[in-house]
Amino acid sequence: MCKKNDTKIQVRCVGMSAVEVTGSMYLVTCPTGEQILLDCGLYQSSNKYECYKINNGKFGFKPSELTAVLISHIHSDHNLLAPRLYKDGATCKTYMSYASVDMVKPMALESVKIMERDTMTINKRYKKSYEPIYNEDDVHNYLSNIYGVEYNNMIEITENVSAQFIPSGHIHGACQIILYI
């Protein structure tokens, strides 16, 4: 973590994407103290129990200290751990393209059903009593903190940090994110 008087910008991979192609999540800590999370994705594999344990593990930061979350696109491995982020105390805005905003609600609500089914399977197989990683209330909390962004427009996150969402063509609504610190 950078100290407020430090002049370095720190970028840390805090998701699984450091070792896998899924679970994208990067924390940018600015010299002035802002903490910007780029993506907040679920780790996905065919092993439901492994996914549950990883996705329910501790974040490498305090969600309540985040300044903003910026989502590049709404594939699950870039976006759908965010409801848990808000469940665990985040109160900041989440920014994504307007095209992504249109699609995120049905995806996030469907993910609750998948989480419930997967948790039931894990509990039955391993004789456990785990709770789903997040529920519908957590999804609605996440959705209420989402703000749409126009492509190519500069948005001011704080007086020290701005961002621009550049269309990437990966999927509908996908963007490359440029941070100005």
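Residues numbered from 1 in each chain as written. Predicted model: local features only at pLDDT ≥ 70, side-chain atom pairs only at ≥ 80, totals over all residues. Heavy atoms only, no water.

S.K.: Can you help me understand the overall build of the chain in this one?
M.R.: Helix and strand counts for the chain stand at 5 helices and 9 strands. Here the C-alpha radius of gyration of the chain, 16 Å, is about what a compact globule of 181 residues would show, namely 16 Å. Once the C-alpha set of the chain is aligned to its principal axes, its extents read approximately 50 × 35 × 30 Å. A sequence separation of at least 24 residues applies to 61% of the contacts in the chain between residues at least 6 apart. Carbon and sulfur atoms provide 50% of the accessible area of the chain, an area that totals close to 9,500 Å². Side chains of the chain carry 18 positive and 19 negative charges; the gap between the two charge centres is 9 Å. (Helix = DSSP H or I, 4+ residues; strand = E, 2+ residues; numbered from the N terminus. Rg over C-alpha atoms; globule rule 2.2 N^0.38 Å. Contact = heavy atoms within 4.5 Å. Areas by Shrake-Rupley, 256 points an atom, 1.4 Å probe, with all protein chains shown as cover. Lys, Arg positive; Asp, Glu negative; His and termini not counted. Charge placed at Lys NZ, Arg CZ, Asp CG, Glu CD.)

S.K.: Please clarify how the packing of aromatic side chains should be interpreted in this entry.
M.R.: Geometry of an aromatic ring pair is reported as the spacing of the ring centres plus the angle between the planes. Enumeration over the complete set of coordinates arrives at 6 aromatic pairs. Taking the centre distance of 6.2 Å and the plane angle of 40 degrees together, the rings of Tyr49 and Tyr130 count as tilted. Residue Tyr49 is found in helix α1 (residues 48–55), and its partner Tyr130 is found in the loop between α4 (98–126) and α5 (136–144); the two are separated by 81 residues along the sequence. A residue is classified by how much of its surface remains accessible, and Tyr130, at 21% relative accessible area, is partly exposed. (Phe/Tyr/Trp six-rings, centres within 6.5 Å; stacked < 30°, edge-to-face > 60°. Buried < 20%, exposed > 50% of the residue type's maximum accessible area, 1.4 Å probe, protein only.)

S.K.: Just checking my understanding: could you explain α4 for this structure?
M.R.: The periodicity of an α-helix, 3.6 residues per turn, causes residues three or four places apart in sequence to face the same way. With 29 residues, α4 extends 41 Å from end C-alpha to end C-alpha; this agrees with the ideal 42 Å at 1.5 Å per step. What α4 keeps buried is the set Ala99, Ser100, Val104, Ala108, Ser111, Val112, Met115, Thr119, Ile122 and Asn123. Packed against the buried residues of α4 are α1, α2 (76–79), β5 (93–97), α5 and β6 (146–149). Just beyond α4, the residue with positive phi is Lys127, at close to 55 degrees. (Expected span 1.5 Å × (residues − 1).)

S.K.: Can you help me understand the side chain of Asp39 in this one?
M.R.: Along the chain, Asp39 turns up in the loop between β3 (35–38) and α1. Although Asp39 is buried, it forms no salt bridge, and the closest oppositely charged side chain is Arg84 at an N-O distance of 16 Å. For Asp39, the side chain forms a polar contact with the main-chain nitrogen of Ser72, separated by 2.7 Å. In this structure the side chain of Asp39 is engaged in a polar contact, spanning 2.6 Å, whose partner is the side chain of His78. In contact with Asp39, other than residues within four places in its own chain, are Ser24, Met25, Tyr26, Leu70, Ile71, Ser72, His73 and His78. (Salt bridge = Lys/Arg side-chain N within 4 Å of Asp/Glu carboxyl O. Polar contact = N/O pair within 3.5 Å; in protein donor to acceptor, adjacent residues only side chain to side chain.)

S.K.: What is the right way to look at the pairing of strand β2 (residues 26–29) in this model?
M.R.: Looking along a regular strand, one sees side chains alternate from face to face of the sheet. Examined bridge by bridge, strand β1 (residues 10–13) and β2 share 4 bridges and lie antiparallel to one another. What sits directly across from Val11, in β2, is Val28. Relative to β3, β2 runs antiparallel, the two sharing 4 bridges. The residue of β3 that forms the bridge with Val28 is Ile36. (Pairing = 2+ DSSP bridges.)

S.K.: Where do I start with the nonpolar core in this structure?
M.R.: Where a protein is soluble and globular, its nonpolar side chains tend to be buried together. By size, the foremost hydrophobic cluster in this structure holds 32 residues, and its most contacted members are Leu37, Phe61, Leu85 and Tyr142. In terms of residues, this core owes the most to one element, α4, which gives 5 residues. Setting aside residues up to four positions removed in sequence, Tyr142 forms contacts with Ile71, Asn79, Ala82, Pro83, Tyr86, Thr94, Met96 and Val104. (Core = buried A, V, L, I, M, F, W, Y, C linked by side-chain atoms within 4.5 Å.)

S.K.: Would you explain a nonpolar patch on the surface in this entry?
M.R.: Together, Ile9, Val11 and Ile181 make up a nonpolar patch on the protein surface, roughly 270 Å² of accessible area in all. For Ile9, the position within the fold is in the segment before β1. (Patch = residues over 30% accessible without salt bridge, like charges linked within 9 Å, V, L, I, M, F, W, Y side chains within 5 Å.)

S.K.: Any chance you could explain the sheet that holds strand β8 (residues 162–167) here in plain terms?
M.R.: In a beta sheet, neighbouring strands pair by backbone hydrogen bonds and run either parallel or antiparallel. Judged by pairing direction, the sheet is antiparallel, and its 3 strands sit side by side in the order β7-β8-β9 without closing on themselves. Of all strands in the sheet, those bounded by a partner on one side alone are β7 (154–156) and β9 (175–180). Each adjacent strand pair in this sheet contributes to an overall mean axis angle of 25 degrees, direction not counted. (Axes fitted to C-alpha atoms, helices over the stretch in contact; angles between N-to-C directions.)

S.K.: Would you mind showing me how to read unusual backbone geometry here?
M.R.: Keep in mind that most residues, glycine aside, have a negative phi and that most peptide bonds are trans. Of note, the phi angle at Lys127 is positive, near 55 degrees, even though the residue is not glycine. Looking at the secondary structure, you find Lys127 in the loop between α4 and α5. In this structure, Asn152 is a non-glycine residue whose phi angle is positive, near 70 degrees. Following the sequence through the fold, Asn152 ends up in the loop between β6 and β7. Judged by its relative accessible area of 42%, Asn152 falls in the partly exposed class.

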